[in-house]
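# Structure assessment
The chain contents come next:
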Amino acid sequence: GGSVPAEALVGCTTLESVVLGDEVTDIGAFAFSGCSSLSYVFIPSTVESIGANAFDGCVSITTLELPANLKSIGDAAFSGCIGLTDVVIPNGITSISFKLFAGCTGLSTINIPDSVVSIGSYAFLGCTGLKSIAIPELVELIEYSAFSGCTSLKSIIIPKSVEEIGCSAFFSCNSLESIEISN
């Protein structure tokens, strides 16, 4: 398969849409980083990995449909996508990586798939629109500052599988009204 090379279109501020062909299996690091006008991205089912910071700062993207075959999503891949309101993370992803959705202020809910076992540091840092979160049954680790600054977060459900919650994981979540911890 082919790939979109690292930094291929970094900073192309006039790019508005991208349709990737079926031959693409990988999207490289920083491939579309800073493409501030990019509002539509079609990612085919052949894509198995999205590199670090691949769509970092793509402020005009509102919806992302990630392919079911996706196996890995790099650190900060969607960081700073402030327009992002809807994203479906496919089952099969095992980790919500470092800063994956940091600063995605438009996200109000996120469905974390049942395959996830860890939520990385700063994964949802500053997601001020996030109102509720349900942690899947297999998650064992919620790393430090994972939900720090999620000022609209009202409720969270933590399953019994969670063995460790890092420091400041819910720092500055000043709207938090209920935390349900399964035993």
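I will try to describe carefully the structure that is included in this document. (Residues numbered from 1 in each chain as written. Predicted model: local features only at pLDDT ≥ 70, side-chain atom pairs only at ≥ 80, totals over all residues. Heavy atoms only, no water.)

Within the element layout of this structure, Ile43 appears in the loop between β4 (40-42) and β5 (49-50). Taking the C-alpha atoms as reference points, Ile43 and Glu180, separated by 137 residues in sequence, lie 36 Å from one another. Once you skip the residues sitting within four places of it in the chain, Ile43 turns out to touch Ile27, Ile50, Phe55, Leu64, Glu65, Leu66 and Pro67. (Helix = DSSP H or I, 4+ residues; strand = E, 2+ residues; numbered from the N terminus. Contact = heavy atoms within 4.5 Å.)

This paragraph deals with the sheet that holds strand β12 (residues 141-142). On the basis of which strands lie adjacent, the open sheet formed by four strands has the order β9-β10-β12-β14 and parallel pairing. With partners counted over all chains shown, the strands left at the sheet margins are β9 (95-96) and β14 (164-165), one partner each. Of the strand pairs in this sheet, β9 and strand β10 (residues 118-119) are connected by two bridges, and their pairing is parallel. From the neighbouring strand, Ile96 faces β10, where its bridge partner is Ile119. (Pairing = 2+ DSSP bridges.)

With respect to the helices, strands and loops of the structure, Gly166 is situated in the loop between β14 and β15 (178-181). Sequence separation between Gly166 and Gly120 is 46 residues, and the spatial gap between their C-alpha atoms is 9.6 Å.

So, on to the nonpolar core. Core analysis: the largest hydrophobic core is formed by 55 residues, its most contacted members being Phe55, Phe101 and Phe124. Counting residues per element, the ones that place at least two in this core are β3 (24-27) and β13 (155-158). When neighbours within four sequence positions are excluded, Phe101 is seen to be in contact with Phe78, Leu84, Val87, Ile89, Leu107, Ile110, Ala123, Phe124, Leu125 and Cys127. (Core = buried A, V, L, I, M, F, W, Y, C linked by side-chain atoms within 4.5 Å. Buried < 20%, exposed > 50% of the residue type's maximum accessible area, 1.4 Å probe, protein only.)

One non-glycine residue, Tyr122, lies in positive phi territory at about 60°. As for its position among the elements, Tyr122 is in the loop between β10 and β11 (132-134). A positive phi angle, close to 60°, is found at Ser168, a residue other than glycine. By the secondary structure assignment, Ser168 is in the loop between β14 and β15.

A few words on a nonpolar patch on the surface. Taken together, the side chains of Val19, Tyr40 and Phe42 present a nonpolar region at the surface, about 310 Å² in accessible area. By the secondary structure assignment, Phe42 is in strand β4. Residue classification places Phe42 among the partly exposed positions, given a relative accessible area of 36%. (Patch = residues over 30% accessible without salt bridge, like charges linked within 9 Å, V, L, I, M, F, W, Y side chains within 5 Å. Areas by Shrake-Rupley, 256 points an atom, 1.4 Å probe, with all protein chains shown as cover. Salt bridge = Lys/Arg side-chain N within 4 Å of Asp/Glu carboxyl O.)

Attention now goes to the sheet that holds strand β1 (residues 2-4). Read across the sheet, four strands follow the order β1-β3-β5-β7 without closing on themselves; strand pairing throughout is parallel. Among the strands making up the open sheet, the edge pair consists of β1 and β7 (72-73). As paired strands, β5 and β7 are joined by two bridges and run parallel to one another. Paired with Ser49 across the two strands is Ser72, which belongs to β7.

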